[in-house]
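Listed below are the residues making up each chain.
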Amino acid sequence: MAKKEYLMGNEAMGRGAVEKGVKVVAGYPGTPASEVLEYAAKYADVRVEWCINEKVALEIALGASLCHTRAMAVMKHNGTNVALDFLMHLNYTGVRGGLVLISGDDPGGNSSQNEEDSRIITHLDAHLPVFDPWCPQEAKDMVRAAFELSEKTELCFIVRPVMRVCHARSQVSLEEITGNGKEPFFTDDRSRFIMSAVKEPEAGGVLRPVIRHRWLNKKQPELLQIMEDSPFNHVEKGEGNIGLVACGIGYAYVREAEKILGKKFPVLKLGTLPLPGDKVAGFAHRMNKLVVYEDSEPIVEGMLKELFYDRDIKVEIVGRSGFLPMEGELSTGIVLKSLAALYPELEKSVPRTAPLEIKIPVRTRTQCVGCAYRGLLHALKLMARKTHGVVTGDIGCYDAGSFLPLELQSTIYCMGSSIPMATGVAYSGTKQPVFSIIGDSTFFHNGVLGLINAIHNAVDMVAIVCDNRTTAMTGFQPHPGSDTDITGRPAVAIDIAKLATAAGATSARTVNPYNIAEVAGALEKAAKEKGVSVIIASSPCYLLGRRNGDIGFTPRKVSLNPDLCNGCKICIEYFGCPAIHFSNKKATIDQAACVECGMCVAVCQRGAIT
């Protein structure tokens with residue numbers, strides 16, 4: 001009997017890769033996929049690396065693959081965009097050793113700026129095969145299969161788990177750790193691996209990109225047959241002539257809905273792209289209507305409509321294009337509601353959620369108590385309000401400063417966009433001073449280029465880098481500014497101030513964000529300078545520092561004198577520490593929540609906090 005462990009979906013995928021002899025795993029941290037690397041890093045014979053960004057991670061993985069070594073790249077859907085330039089080349093060249101790309105999607109945007117469906121770029125655009133798992137066990141099985149099929153087809157295989165699969169936990173069967181039995185060795189094949197617009201004499205002078213595109217197209221029939229025979233696609237018999245097409249996580253919700261309703265429907269469970277055309281057609285021939293459950297775009301729905309049109313199959317198809325919600329996460333509730341609309345007699349069997357008798361307030365985004373970024377953001381807010389400055393933001397813990405009560409950053413888009421956007425604001429001709437704020441991991445990921453561009457063009461702006469020495473927002477992963485790697489081994493830490501100075505910044509000041517007066521002084525000086533002035537607010541993340549004894553400040557117990565408090569709310573509305581409350585027109589300090597960082601002493605202009 002196979003040994004089983006209770007694993008998270010991400011851990012299960014890491015285990016699947018290890019079982020299949022993966023030797024190189026590279027990625028960039030991003031919810032919902034981060035734990036895949038952390039699991040693989042437990043195995044000493046696997047080279048696991050957090051990279052500067054996702055494109056670099058995929059490039060590293062392919063480099064290993066070209067030496068017949070099994071490799072895997074891991075990222076979230078936003079990161080797959082970053083890697084897209086490279087992905088749209090490796091699809092033409094193909095691979096040698098098995099290469100798997102895990103692209104974790106986040107329908108509903110639970111921890112992301114958008115809910116993009118990465119199947120669009122990985123399959124519809126790149127024409128690469130995609131596995132869409134419905135549970136941790138299948139996610140592991142798909143990773144295992146992907147390595148073997150990658151080597152068989154010479155194509156990169158995509159495994160696209162959504163957040164609910166990544167973070168679900170279940171019993172997962174463990175199997176023997178094996179490999180592909182090949183010694184690493186690189187063999188030249190320049191006509192294949194040099195992607196350049198040159199003419200190939202052997203092909204009658206046809207341009208190489210056209211030849212490689214033709215190679216990719218010829219792979220598609222092979223993929224179609226693989227998916228036709230895949231165990232990840234199957235048909236389940238049931239009552240009625242309305243078929244449920246359950247894709248990926250949609251299958252989990254359909255199964256749960258069937259259990260709740262006590263009714264078995266005809267189900268076509270799909271876990272692959274391309275679709276198994278014959279299996280799909282055979283299922284559709286017996287149905288009057290198909291309902292497609294998928295997260296989050298109507299990709300399969302659209303492919304089915306095209307397939308059935310070509311095969312002259314008359315069946316109604318509905319799904320995420322209007323019958324189901326067109327945005328947000330799929331859920332068991334949505335499946336139940338749709339089934340009740342199709343079968344009105346089932347309405348009485350759909351559970352009703354009792355209304356709450358109390359109104360639960362919406363939780364606001366904010367920094368943790370004791371976070372050094374709060375002092376930085378407070379000083380920057382005072383500066384921005386005084387000067388009517390524009391603050392462009394980026395992705396990270398500090399982006400909570402764009403919400404109440406701080407309402408500081410005016411823009412947040414994608415990784416590294418803060419500095420180029422600040423450049424554009426400056427180019428607009430506005431007389432307002434321009435500030436950009438970016439985190440250390442984000443700066444290395446995709447912020448360095450924007451900074452160099454701004455420095456080269458002598459843009460008048462202040463670039464602020466929040467340096468807490470870790471990728472705090474996604475779970476404290478190291479980055480190029482950290483002095484250790486994912487396994488804790490020593491690594492070369494890149495000095496941000498030296499990098500900015502070497503690039504030609506007007507100035508590069510390192511400040512302690514717990515010292516609000518020091519930050520304010522640095523901002524005053526930087527705002528008066530021409531060109532790009534860089535401020536590095538450097539202090540360890542409090543949450544991580546509390547674990548290792550390096551919290552970045554000397555604790556000091558603070559108290560509030562209500563007789564001196566005039567209820568100005570600066571500590572509430574400008575500083576926003578969750579340990580400071582307001583009642584009866586006075587501020588109070590929750591000593592149970594206070595971590596004694598002492599920043600509030602500098603915030604209170606009345607001297608009420610000491």
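Residues numbered from 1 in each chain as written. Predicted model: local features only at pLDDT ≥ 70, side-chain atom pairs only at ≥ 80, totals over all residues. Heavy atoms only, no water.

Chemist: How should the overall build of the chain be read in this particular structure?
Modeler: The secondary structure content of the chain amounts to 22 helices and 23 strands. Over its C-alpha atoms the chain spans a radius of gyration of 27 Å, differing by no more than 12% from the 25 Å that the globule rule assigns to 610 residues. C-alpha atoms of the chain, sized along the principal axes, occupy 80 × 70 × 55 Å. In the chain, which comprises 610 residues, the share counted as buried stands at 54%. Across the chain, every contact between residues at least 6 apart in sequence was considered, and the portion connecting residues at least 24 apart equals 76%. As displayed, the chain offers around 26,500 Å² of accessible surface, 55% of which is attributable to carbon and sulfur atoms. Separation of charge centres in the chain, based on 66 positive and 67 negative side chains, amounts to 3 Å. (Helix = DSSP H or I, 4+ residues; strand = E, 2+ residues; numbered from the N terminus. Rg over C-alpha atoms; globule rule 2.2 N^0.38 Å. Buried < 20%, exposed > 50% of the residue type's maximum accessible area, 1.4 Å probe, protein only. Contact = heavy atoms within 4.5 Å. Areas by Shrake-Rupley, 256 points an atom, 1.4 Å probe, with all protein chains shown as cover. Lys, Arg positive; Asp, Glu negative; His and termini not counted. Charge placed at Lys NZ, Arg CZ, Asp CG, Glu CD.)

Chemist: Help me understand the layout of surface pockets in this model?
Modeler: One water molecule sets the probe size; rolling that probe over the atoms shows where empty space is left. Roughly 760 Å³ of volume is contained in the largest pocket. Lining the largest pocket are 41 residues; nearest its centre among them are Gln113, Ile395, Gly396, Met415 and Met473. Every element with two or more residues in the lining of the largest pocket is listed here: helix H4 (77-82) and helix H17 (440-456). Counting residues per element, the lining of the largest pocket draws most heavily on H17, which supplies five residues. Two domains each donate at least three residues to the lining of the largest pocket, and these are domain 1 (4-182 + 194-228) and domain 3 (373-550). (1 Å grid on protein atoms, 1.4 Å probe; cavity = no way out; pocket = protein on both sides within 12 Å on 5 of 7 lines; lining within 4 Å. Points joined across faces, edges and corners; volume = space filled by probe spheres on them. Domains from an automatic or database assignment.)

Chemist: Would you mind showing me how to read the packing of helix H5 (residues 84-93) against helix H10 (residues 208-228) here?
Modeler: For any two helices packed against each other, one specifies the crossing angle of their axes together with the interaxial distance. Where H5 meets H10, the closest approach of the two axes is 7 Å, and the angle between their N-to-C directions is 75°. As judged from the angle between their axes, H5 and H10 are roughly perpendicular. Note on element contacts: H10 touches H5 through Pro209, Arg212, His213, Trp215 and Leu216, opposite Asn91, Tyr92 and Thr93. A class-by-class count of the residues in the contact of H5 with H10 yields four nonpolar, three polar and one charged. (Axes fitted to C-alpha atoms, helices over the stretch in contact; angles between N-to-C directions. Parallel < 35°, antiparallel > 145°, perpendicular 65-115°, else oblique. Nonpolar A, V, L, I, M, F, W, Y, C, P; charged D, E, K, R; others polar.)

Chemist: I would appreciate a short explanation of the domain arrangement of the chain in the present structure.
Modeler: A common way to state how big an interface is: give the accessible area lost once the parts meet. Under the domain assignment used here, the chain contains domain 1 (4-182 + 194-228), domain 2 (234-349), domain 3 (373-550) and domain 4 (554-610). Taken together, the 17 residues of domain 1 in the interface contact 16 residues of domain 3. Across the domain 1/domain 3 interface, buried area totals approximately 1,200 Å², and carbon plus sulfur atoms make up 58% of it. In this structure, the connection of domain 1 to domain 3 is made through zero salt bridges. Joining domain 1 to domain 3, the criterion identifies five residue pairs in polar contact (both at pLDDT 80 or more). Looking at the side of domain 1 that touches domain 3, the elements that each hand over two or more residues are helix H2 (35-40) and strand S3 (47-50). The element that contributes the greatest number of residues to the side of domain 1 that touches domain 3 is S3, accounting for four residues. (Buried area = accessible area lost by both parts, 1.4 Å probe. Salt bridge = Lys/Arg side-chain N within 4 Å of Asp/Glu carboxyl O. Polar contact = N/O pair within 3.5 Å; in protein donor to acceptor, adjacent residues only side chain to side chain.)

Chemist: How should the sheet that holds strand S16 (residues 316-318) be read in this particular structure?
Modeler: Backbone hydrogen bonds hold the strands of a sheet together, and the pairing may be parallel or antiparallel. Pairing is mixed across the open sheet formed by five strands, whose spatial order is S11-S13-S12-S15-S16. Of all the strands in the sheet, the pair left with one neighbour each is strand S11 (234-236) and S16. Each neighbouring strand pair of the sheet contributes to a mean axis angle of 20°, computed without reference to strand direction. Where strand S12 (residues 242-247) and strand S15 (residues 289-293) come together, five bridges link them in parallel fashion. Counted as the bridge partner of Ala246 is Tyr293 from S15. Against the sheet, helix H12 (residues 277-284) touches S11, S12, strand S13 (267-270) and S15, its axis set at about 165° to S13. (Pairing = 2+ DSSP bridges.)

Chemist: Even after reading the chapter, I still don't get the nonpolar core, so can you show me in this structure?
Modeler: Where a protein is soluble and globular, its nonpolar side chains tend to be buried together. Of all hydrophobic cores here, the largest spans 114 residues; its most connected members are Met72, Phe131 and Phe308. When we break this core down by domain, the ones giving at least three residues each are domain 1 (4-182 + 194-228) and domain 2 (234-349). Of all hydrophobic cores here, the second largest spans 71 residues; its members include Ala384, Ile438, Ile455 and Cys571. (Core = buried A, V, L, I, M, F, W, Y, C linked by side-chain atoms within 4.5 Å.)

Chemist: For this particular structure, what's the right way to read the pattern of salt bridges?
Modeler: Two side chains that carry opposite charge are able to pair once their charged atoms sit near each other. For the structure on display, the rule yields 38 salt bridges. Between Glu148 and Lys20 there is a salt bridge, with its nearest N and O atoms 2.3 Å apart. Within this pair, whereas Glu148 is found in helix H7 (residues 136-153), its partner Lys20 is found in the loop between helix H1 (9-19) and strand S2 (24-27), the two being separated by 128 residues in sequence. Residue class for Glu148 comes out partly exposed when judged on its relative accessible area of 41%. Overall, Lys20 belongs to the buried group, its relative accessible area being 8%. For Asp550, the salt bridge identified is with Arg469, shortest N-O distance 3.7 Å. With Asp550 in the loop between helix H20 (542-548) and helix H21 (570-575) and Arg469 in the loop between strand S19 (461-467) and helix H18 (496-503), the pair connects residues that are 81 residues apart, well separated along the chain. Of the residues examined, Asp550 reaches a relative accessible area of 37% and is grouped as partly exposed. Arg469 gets classed as partly exposed once you look at its relative accessible area, which sits at 41%.

Chemist: Explain the packing of aromatic side chains to me, please; I cannot follow it from the model alone.
Modeler: For any pair of aromatic rings, the description rests on two quantities: the centre-to-centre distance and the angle between the ring planes. Counted according to the given criterion, the structure contains nine aromatic pairs. Residues Trp134 and Tyr251 carry aromatic rings whose centres are separated by 5.0 Å and whose planes lie at 85° to one another, so their mutual orientation is edge-to-face. Remark: Tyr251 occurs in helix H11 (residues 249-261) and Trp134 occurs in the loop between strand S6 (130-131) and H7; sequence separation between them is 117 residues. Assessed through its relative accessible area of 5%, Tyr251 is described here as buried. (Phe/Tyr/Trp six-rings, centres within 6.5 Å; stacked < 30°, edge-to-face > 60°.)

Chemist: I would appreciate a short explanation of the sheet that holds strand S20 (residues 507-511) in the present structure.
Modeler: Reading across the sheet, the five strands line up as S17-S18-S19-S21-S20 and stay open at both edges, with parallel pairing between neighbours. Two strands close off the open sheet at either side, each with one partner strand: strand S17 (390-392) and S20. Across the sheet, the axes of successive neighbouring strands diverge by a mean angle of 20°, strand direction being ignored. Most of the contacts of helix H19 (residues 516-527) go to S20, to which it runs at about 170°, and overall it touches strand S18 (434-439), S19, S20 and strand S21 (532-538).

Chemist: What am I meant to see in the environment of Glu236 here?
Modeler: By the element assignment, Glu236 lies in strand S11. Taking the C-alpha atoms as reference points, Glu236 and Met142, separated by 94 residues in sequence, lie 20 Å from one another. When neighbours within four sequence positions are excluded, Glu236 is seen to be in contact with Tyr251, Lys264, Phe265, Pro266 and Val267. Within the structure, the side chain of Glu236 is placed 2.3 Å from the side chain of Tyr251, a separation counted as a polar contact. In terms of polar contacts, Glu236 uses its side chain to reach the side chain of Lys264, at 3.0 Å.

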